[in-house]
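Inside the fold
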Amino acid sequence: MPGGVSHNVHYFPPYPIFVRKGKGSKIWDVDGNEYVDLWMGHYTHMLGHHPEVIIEAIEGQLKEGIHWGIVFEKQVEWAELVRDLVPCAEMVRFCCSGTEATMYAVRLARAYTGKKSY
């Protein structure tokens, strides 16, 4: 990895921070330095690193099963919650990546406008 990082924004001269662990709003590097983590996993850790409420929810779901790859009750409940929280979301489709979501959005826009892909 050039400069020891996968994203240029993570490079800090003379070398990038190499994280050892995180808890709550803090991270610690391999040298034992403590930092307030303002990046928070690309902003996905809104509740901090290792929040108990998330750990308990994951452990509970692990007992029921995960990633069947087929529609199941909790997926439908989640879609209904999204629909209820976002009034314009009359339909919901979950995607595996931003690329996939963008592909579906472009296909939907093309179908709606009748425009071709070229």
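Everything that follows concerns the structure shown earlier in this document.
Residue indices begin from 1 for each chain and proceed along its sequence in written order. Predicted model: local features are reported for residues with pLDDT of at least 70 only, side-chain atom pairs are reported and counted for 80 or more only, and whole-chain, interface and lining totals are derived from all residues. Excluded from the side-chain calculations are hydrogens and water; all other atoms, namely the structure's heavy atoms, are used.

1. So, the packing of aromatic side chains
To describe a pair of aromatic rings, one takes the distance between the centres and the angle between the planes. Note on aromatic contacts: the rings of Phe and Tyr and the six-membered ring of Trp form a pair at centre separations within 6.5 Å, being stacked when their planes are under 30 degrees apart, edge-to-face when over 60 apart, and tilted otherwise. Within the structure shown, the criterion is met by three aromatic pairs. On the basis of an interplanar angle of 70 degrees and a centroid distance of 4.7 Å, the ring pair of W68 and F72 is categorised as edge-to-face. What makes W68 partly exposed here is its relative accessible area of 44%. For the exposure calls, accessible area comes from a 1.4 Å probe over protein chains only, and a residue counts as buried if that area is under 20% of its type's maximum, exposed if over 50%, partly exposed in between. What makes F72 partly exposed here is its relative accessible area of 30%. Ring geometry for W78 and F94: centres 4.1 Å apart, planes at 15 degrees, overall stacked. With W78 in helix α3 (residues 73-85) and F94 in the loop between α3 and α4 (98-113), the pair connects residues that are 16 residues apart, well separated along the chain. The ring of W28 has K21 sitting right over it, with the charged end atom 4.9 Å from the ring centre. Over the ring of Y104 we find R93, and its NZ or CZ is 4.9 Å from the ring centre. Helical segments are the DSSP runs of H or I of at least four residues, strand segments are the runs of E of at least two, and each set is numbered from the N terminus. By the criterion adopted, a ring carries a charge over it if an Arg CZ or a Lys NZ lies within 6 Å of its centre and within 35 degrees of its normal.

2. Here we look at the side chain of D37
The residue D37 is located in the loop between β3 (34-36) and α1 (40-43) in this model. Only four residue types enter the tally: Lys and Arg on the positive side, Asp and Glu on the negative side; His and the chain ends are excluded. What counts as a salt bridge is simple: a side-chain nitrogen of Lys or Arg found within 4 Å of a carboxyl oxygen of Asp or Glu. No salt bridge forms around the buried D37; measuring N to O, its nearest opposite-charge neighbour K26 is 12 Å away. Excluding residues that lie within four positions of it along the chain, D37 makes contacts with S25, K26, I27 and H49. Residues are treated as being in contact if the distance between any of their heavy atoms lies within 4.5 Å.

3. Here's the deal with the pattern of salt bridges
On inspection of all chains with the given rule, the structure shows three salt bridges. A salt bridge links E34 to K26; its shortest N-O distance comes to 3.1 Å. Overall, E34 belongs to the partly exposed group, its relative accessible area being 48%. Residue classification places K26 among the partly exposed positions, given a relative accessible area of 27%. The closest approach of N and O atoms between R83 and D84, which form a salt bridge, is 3.5 Å. The class for R83 is partly exposed, based on a relative accessible area of 38%.

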